[in-house]
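# Structure assessment
Single-letter residue listing:
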Amino acid sequence: MRGQRPRGPVALRVDGEYGVGGAQRGAVGVLDSNIGDTYLDHDGMRLYGLGMEETFPDFAKWAAARHDTYGLGRTPEEVRRTYVTLAERLDANPVDGMDGNLFRFGAFFTLYRPALYAPAAESWKSLLETGHPGPAGGRPPGTGAPSPNDNAWSVFLAVTCNDAEWPEDIGTYHRAVAEDRERYPLYGAAAANVMPCAYWKLGPSEPPVRIDNTGPADVLSVQNQRDPVTPLRGGELLDEKFGQRSRLVSVDGSGHGVYVFGANSCASDVVTGYLVDGTMPENDMTCRAG
(Lines give C-alpha, C1' and ligand atoms only; values in the text may rest on other atoms or scores of the structure.)
Protein backbone atom coordinates (compact mmCIF):
# COMPACT_ATOMS: atom_id res chain seq x y z
CA MET A 1 0.00 0.00 0.00
CA ARG A 2 1.33 3.41 -0.97
CA GLY A 3 3.02 5.29 1.83
CA GLN A 4 3.37 2.26 4.10
CA ARG A 5 6.38 0.05 4.70
CA PRO A 6 5.94 -3.68 5.36
CA ARG A 7 6.63 -4.72 8.93
CA GLY A 8 8.34 -7.94 7.94
CA PRO A 9 9.55 -9.79 4.83
CA VAL A 10 7.04 -9.83 2.02
CA ALA A 11 7.33 -12.09 -1.02
CA LEU A 12 5.39 -11.61 -4.22
CA ARG A 13 5.42 -12.80 -7.80
CA VAL A 14 4.38 -10.77 -10.82
CA ASP A 15 4.87 -12.62 -14.11
CA GLY A 16 8.23 -14.16 -13.32
CA GLU A 17 9.58 -11.66 -10.81
CA TYR A 18 9.71 -12.27 -7.07
CA GLY A 19 10.53 -9.60 -4.53
CA VAL A 20 10.99 -9.21 -0.82
CA GLY A 21 10.97 -6.04 1.21
CA GLY A 22 11.07 -5.23 4.88
CA ALA A 23 11.51 -2.42 7.35
CA GLN A 24 15.08 -3.49 8.10
CA ARG A 25 16.13 -4.36 4.58
CA GLY A 26 15.96 -2.93 1.11
CA ALA A 27 13.94 -4.70 -1.54
CA VAL A 28 15.52 -7.60 -3.40
CA GLY A 29 14.22 -9.48 -6.41
CA VAL A 30 14.47 -12.77 -8.25
CA LEU A 31 13.91 -13.00 -12.01
CA ASP A 32 12.31 -16.31 -12.97
CA SER A 33 12.01 -17.47 -16.59
CA ASN A 34 13.37 -14.54 -18.56
CA ILE A 35 12.95 -13.31 -22.13
CA GLY A 36 16.42 -11.78 -22.32
CA ASP A 37 15.52 -8.12 -21.78
CA THR A 38 12.93 -5.88 -20.13
CA TYR A 39 10.60 -6.08 -23.13
CA LEU A 40 9.50 -8.56 -25.79
CA ASP A 41 10.30 -7.64 -29.38
CA HIS A 42 10.41 -9.49 -32.71
CA ASP A 43 13.70 -11.20 -31.90
CA GLY A 44 12.39 -12.24 -28.50
CA MET A 45 9.23 -13.70 -30.01
CA ARG A 46 11.31 -15.84 -32.35
CA LEU A 47 12.79 -17.60 -29.33
CA TYR A 48 9.45 -19.41 -28.97
CA GLY A 49 10.50 -21.69 -31.83
CA LEU A 50 13.80 -22.44 -30.10
CA GLY A 51 12.00 -23.12 -26.84
CA MET A 52 9.70 -25.68 -28.42
CA GLU A 53 12.57 -27.47 -30.18
CA GLU A 54 14.45 -27.73 -26.87
CA THR A 55 11.46 -28.78 -24.75
CA PHE A 56 9.49 -31.09 -27.05
CA PRO A 57 11.93 -34.02 -26.55
CA ASP A 58 10.82 -34.22 -22.91
CA PHE A 59 7.22 -34.80 -23.98
CA ALA A 60 8.32 -37.18 -26.72
CA LYS A 61 10.32 -39.24 -24.26
CA TRP A 62 7.38 -39.31 -21.85
CA ALA A 63 4.93 -40.37 -24.58
CA ALA A 64 7.26 -43.03 -25.98
CA ALA A 65 7.50 -44.63 -22.53
CA ARG A 66 3.67 -44.86 -22.59
CA HIS A 67 3.20 -46.08 -26.15
CA ASP A 68 1.03 -48.97 -24.98
CA THR A 69 -1.39 -46.43 -23.51
CA TYR A 70 -1.45 -43.71 -26.17
CA GLY A 71 0.04 -45.28 -29.29
CA LEU A 72 2.01 -42.19 -30.32
CA GLY A 73 5.31 -43.95 -30.99
CA ARG A 74 7.73 -46.29 -29.28
CA THR A 75 10.65 -43.88 -29.51
CA PRO A 76 10.91 -40.08 -29.17
CA GLU A 77 11.68 -39.92 -32.90
CA GLU A 78 8.45 -41.78 -33.70
CA VAL A 79 6.47 -39.43 -31.44
CA ARG A 80 7.94 -36.45 -33.28
CA ARG A 81 6.90 -37.99 -36.61
CA THR A 82 3.38 -38.52 -35.24
CA TYR A 83 3.24 -34.84 -34.32
CA VAL A 84 4.32 -33.75 -37.80
CA THR A 85 1.85 -36.14 -39.44
CA LEU A 86 -1.09 -34.88 -37.37
CA ALA A 87 -0.18 -31.22 -37.92
CA GLU A 88 0.05 -31.68 -41.69
CA ARG A 89 -3.19 -33.67 -41.75
CA LEU A 90 -4.99 -30.85 -39.92
CA ASP A 91 -3.42 -28.27 -42.23
CA ALA A 92 -5.14 -30.01 -45.13
CA ASN A 93 -8.39 -30.92 -43.38
CA PRO A 94 -9.30 -29.11 -40.13
CA VAL A 95 -11.73 -30.97 -37.86
CA ASP A 96 -13.97 -29.77 -35.03
CA GLY A 97 -12.53 -26.27 -35.14
CA MET A 98 -8.93 -27.47 -35.01
CA ASP A 99 -6.51 -26.79 -37.84
CA GLY A 100 -2.78 -27.38 -38.01
CA ASN A 101 -1.91 -24.02 -36.49
CA LEU A 102 -4.17 -24.56 -33.49
CA PHE A 103 -2.79 -28.06 -33.05
CA ARG A 104 0.79 -26.74 -33.06
CA PHE A 105 -0.06 -24.02 -30.56
CA GLY A 106 -1.78 -26.57 -28.34
CA ALA A 107 1.34 -28.74 -28.39
CA PHE A 108 3.44 -25.68 -27.56
CA PHE A 109 1.21 -24.87 -24.59
CA THR A 110 1.36 -28.50 -23.43
CA LEU A 111 5.09 -28.07 -22.85
CA TYR A 112 4.46 -25.41 -20.17
CA ARG A 113 3.85 -28.14 -17.57
CA PRO A 114 4.54 -31.88 -17.55
CA ALA A 115 1.13 -32.18 -15.87
CA LEU A 116 -0.40 -31.25 -19.25
CA TYR A 117 1.22 -34.17 -21.09
CA ALA A 118 -1.52 -36.73 -20.41
CA PRO A 119 -4.50 -34.64 -21.68
CA ALA A 120 -2.55 -33.77 -24.81
CA ALA A 121 -1.61 -37.41 -25.42
CA GLU A 122 -5.27 -38.38 -25.09
CA SER A 123 -6.22 -35.80 -27.70
CA TRP A 124 -3.52 -37.02 -30.08
CA LYS A 125 -4.69 -40.60 -29.56
CA SER A 126 -8.25 -39.56 -30.38
CA LEU A 127 -7.06 -37.81 -33.55
CA LEU A 128 -5.23 -40.95 -34.66
CA GLU A 129 -8.06 -43.35 -33.88
CA THR A 130 -11.20 -41.35 -34.68
CA GLY A 131 -10.02 -38.35 -36.68
CA HIS A 132 -11.35 -36.02 -34.00
CA PRO A 133 -9.41 -34.30 -31.19
CA GLY A 134 -11.83 -35.14 -28.40
CA PRO A 135 -12.62 -32.83 -25.45
CA ALA A 136 -9.22 -31.10 -25.70
CA GLY A 137 -9.83 -30.03 -29.30
CA GLY A 138 -10.89 -26.75 -30.86
CA ARG A 139 -14.18 -24.87 -30.85
CA PRO A 140 -17.19 -26.48 -32.53
CA PRO A 141 -17.40 -24.98 -36.04
CA GLY A 142 -20.23 -22.63 -36.92
CA THR A 143 -21.22 -21.77 -33.36
CA GLY A 144 -19.95 -18.20 -33.42
CA ALA A 145 -18.61 -18.69 -29.94
CA PRO A 146 -15.69 -16.39 -29.07
CA SER A 147 -12.31 -17.94 -28.49
CA PRO A 148 -11.53 -18.33 -24.78
CA ASN A 149 -8.07 -16.95 -25.59
CA ASP A 150 -9.29 -13.60 -26.96
CA ASN A 151 -8.89 -11.63 -23.73
CA ALA A 152 -5.43 -13.01 -22.94
CA TRP A 153 -4.25 -12.35 -26.50
CA SER A 154 -5.60 -8.79 -26.44
CA VAL A 155 -3.80 -8.01 -23.18
CA PHE A 156 -0.61 -9.59 -24.51
CA LEU A 157 -0.69 -7.35 -27.59
CA ALA A 158 -1.53 -4.22 -25.62
CA VAL A 159 1.45 -4.72 -23.32
CA THR A 160 3.92 -6.03 -25.91
CA CYS A 161 3.18 -3.48 -28.64
CA ASN A 162 3.34 -0.59 -26.18
CA ASP A 163 6.71 -1.70 -24.82
CA ALA A 164 8.99 -1.55 -27.86
CA GLU A 165 9.27 -0.66 -31.54
CA TRP A 166 8.72 -3.47 -34.05
CA PRO A 167 9.97 -3.60 -37.65
CA GLU A 168 7.60 -2.02 -40.15
CA ASP A 169 9.36 -3.38 -43.25
CA ILE A 170 7.41 -6.41 -44.46
CA GLY A 171 10.60 -7.83 -45.99
CA THR A 172 12.00 -8.29 -42.49
CA TYR A 173 9.15 -10.67 -41.71
CA HIS A 174 9.42 -12.48 -45.04
CA ARG A 175 13.06 -13.29 -44.32
CA ALA A 176 12.39 -14.27 -40.71
CA VAL A 177 9.55 -16.59 -41.69
CA ALA A 178 11.71 -18.35 -44.27
CA GLU A 179 14.51 -18.79 -41.72
CA ASP A 180 12.37 -20.04 -38.85
CA ARG A 181 10.32 -22.41 -40.98
CA GLU A 182 13.55 -24.32 -41.59
CA ARG A 183 15.18 -23.71 -38.21
CA TYR A 184 12.22 -24.53 -35.97
CA PRO A 185 9.96 -26.99 -37.80
CA LEU A 186 7.99 -27.98 -34.69
CA TYR A 187 6.66 -24.51 -33.90
CA GLY A 188 6.94 -23.26 -37.44
CA ALA A 189 7.32 -19.65 -38.48
CA ALA A 190 4.37 -18.18 -36.56
CA ALA A 191 6.51 -16.29 -34.04
CA ALA A 192 8.58 -14.78 -36.85
CA ASN A 193 5.59 -13.49 -38.78
CA VAL A 194 4.16 -9.99 -38.77
CA MET A 195 2.05 -8.99 -35.75
CA PRO A 196 -0.20 -6.00 -35.00
CA CYS A 197 2.81 -4.45 -33.24
CA ALA A 198 4.26 -3.63 -36.68
CA TYR A 199 1.35 -1.24 -37.30
CA TRP A 200 0.81 -0.01 -33.75
CA LYS A 201 -0.16 3.66 -34.12
CA LEU A 202 0.59 4.82 -30.59
CA GLY A 203 4.18 3.60 -30.39
CA PRO A 204 5.91 2.72 -27.11
CA SER A 205 4.30 4.44 -24.13
CA GLU A 206 7.76 5.10 -22.66
CA PRO A 207 11.39 4.15 -23.40
CA PRO A 208 12.23 0.54 -22.44
CA VAL A 209 13.99 0.15 -19.11
CA ARG A 210 17.72 -0.29 -19.72
CA ILE A 211 19.65 -3.03 -17.96
CA ASP A 212 22.61 -1.53 -16.13
CA ASN A 213 25.72 -3.61 -15.45
CA THR A 214 26.97 -1.19 -12.83
CA GLY A 215 25.81 -1.48 -9.25
CA PRO A 216 25.58 -4.04 -6.48
CA ALA A 217 25.54 -7.78 -7.16
CA ASP A 218 21.93 -8.29 -6.13
CA VAL A 219 20.16 -9.85 -9.12
CA LEU A 220 19.34 -13.56 -8.99
CA SER A 221 17.94 -15.20 -12.14
CA VAL A 222 16.57 -18.73 -12.39
CA GLN A 223 15.81 -20.53 -15.63
CA ASN A 224 14.81 -24.04 -16.68
CA GLN A 225 17.10 -25.53 -19.30
CA ARG A 226 14.02 -26.53 -21.30
CA ASP A 227 11.20 -23.98 -21.39
CA PRO A 228 8.97 -23.48 -24.45
CA VAL A 229 8.22 -19.78 -24.02
CA THR A 230 11.34 -18.51 -22.22
CA PRO A 231 14.17 -20.82 -23.27
CA LEU A 232 17.47 -20.92 -21.42
CA ARG A 233 18.98 -18.48 -23.92
CA GLY A 234 16.79 -15.73 -22.49
CA GLY A 235 18.27 -16.21 -19.03
CA GLU A 236 21.77 -16.28 -20.46
CA LEU A 237 21.21 -13.02 -22.36
CA LEU A 238 19.92 -11.30 -19.24
CA ASP A 239 22.84 -12.60 -17.18
CA GLU A 240 25.28 -11.28 -19.78
CA LYS A 241 23.68 -7.83 -19.73
CA PHE A 242 23.77 -7.57 -15.94
CA GLY A 243 27.40 -8.72 -15.89
CA GLN A 244 28.82 -9.19 -12.41
CA ARG A 245 25.61 -7.85 -10.88
CA SER A 246 23.75 -11.11 -11.44
CA ARG A 247 23.93 -14.84 -10.84
CA LEU A 248 22.15 -17.30 -13.12
CA VAL A 249 20.79 -20.55 -11.72
CA SER A 250 20.28 -22.96 -14.62
CA VAL A 251 17.92 -25.80 -13.69
CA ASP A 252 17.86 -29.22 -15.33
CA GLY A 253 14.09 -29.06 -15.59
CA SER A 254 11.27 -28.80 -18.10
CA GLY A 255 8.42 -26.33 -18.35
CA HIS A 256 7.75 -22.67 -17.67
CA GLY A 257 8.56 -21.39 -14.19
CA VAL A 258 11.15 -22.58 -11.68
CA TYR A 259 10.25 -21.22 -8.26
CA VAL A 260 6.87 -22.20 -6.77
CA PHE A 261 5.73 -23.79 -10.04
CA GLY A 262 8.68 -26.17 -10.24
CA ALA A 263 9.73 -28.99 -7.95
CA ASN A 264 13.50 -28.67 -7.99
CA SER A 265 14.63 -28.56 -4.35
CA CYS A 266 18.05 -27.16 -5.22
CA ALA A 267 16.58 -24.17 -7.06
CA SER A 268 13.91 -23.64 -4.41
CA ASP A 269 16.51 -23.58 -1.64
CA VAL A 270 18.71 -21.08 -3.52
CA VAL A 271 15.80 -18.72 -4.24
CA THR A 272 14.31 -18.97 -0.76
CA GLY A 273 17.69 -18.39 0.82
CA TYR A 274 18.16 -15.24 -1.22
CA LEU A 275 14.68 -13.90 -0.54
CA VAL A 276 14.92 -14.58 3.20
CA ASP A 277 18.47 -13.59 4.10
CA GLY A 278 20.06 -12.26 0.91
CA THR A 279 22.43 -15.19 0.34
CA MET A 280 23.66 -15.10 -3.28
CA PRO A 281 25.57 -17.90 -5.04
CA GLU A 282 29.21 -16.96 -5.53
CA ASN A 283 28.98 -17.78 -9.24
CA ASP A 284 26.47 -18.88 -11.86
CA MET A 285 25.39 -22.43 -11.01
CA THR A 286 23.42 -25.43 -12.28
CA CYS A 287 20.84 -27.39 -10.33
CA ARG A 288 20.58 -31.05 -11.29
CA ALA A 289 17.25 -32.67 -12.04
CA GLY A 290 15.25 -33.81 -9.04
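The model shown is predicted, which means the values in this text are computed figures rather than measured ones. (Residues numbered from 1 in each chain as written. Predicted model: local features only at pLDDT ≥ 70, side-chain atom pairs only at ≥ 80, totals over all residues. Heavy atoms only, no water.)

### What about the overall build of the protein chain?
- Secondary structure assignment for the protein chain yields 10 helices and 6 strands.
- Of all intrachain contacts in the protein chain linking residues separated by at least 6 positions in sequence, the fraction that spans at least 24 positions is 70%.
- Surface summary for the protein chain: the accessible area is close to 15900 Å², and the carbon and sulfur share equals 53%. (Helix = DSSP H or I, 4+ residues; strand = E, 2+ residues; numbered from the N terminus. Contact = heavy atoms within 4.5 Å. Areas by Shrake-Rupley, 256 points an atom, 1.4 Å probe, with all protein chains shown as cover.)

### Describing unusual backbone geometry
- Phi at D96 is positive, roughly 50 degrees, even though this residue is not glycine.
- Inspection of the secondary structure puts D96 in the loop between α4 (76–92) and α5 (100–110).
- Under the relative-accessibility criterion, D96 is labelled partly exposed at 33%.
- Notably, V260 is not glycine yet its phi reads approximately 75 degrees, a positive angle.
- If you trace the backbone, V260 turns up in the loop between β5 (246–254) and α10 (265–277).
- The exposed category is assigned to V260, whose relative accessible area is 60%. (Buried < 20%, exposed > 50% of the residue type's maximum accessible area, 1.4 Å probe, protein only.)

### Details of the environment of D37
- Tracing the sequence through the fold places D37 in the loop between β3 (25–32) and α1 (42–45).
- D37 gets classed as partly exposed once you look at its relative accessible area, which sits at 22%.
- Sequence separation between D37 and P208 is 171 residues, and the spatial gap between their C-alpha atoms is 9.3 Å.
- When sequence neighbours within four positions are dropped, the list of residues in contact with D37 reads V209, I211, L238 and K241.
- Side-chain polar atoms of D37 contact the side chain of K241, separated by 2.8 Å. (Polar contact = N/O pair within 3.5 Å; in protein donor to acceptor, adjacent residues only side chain to side chain.)

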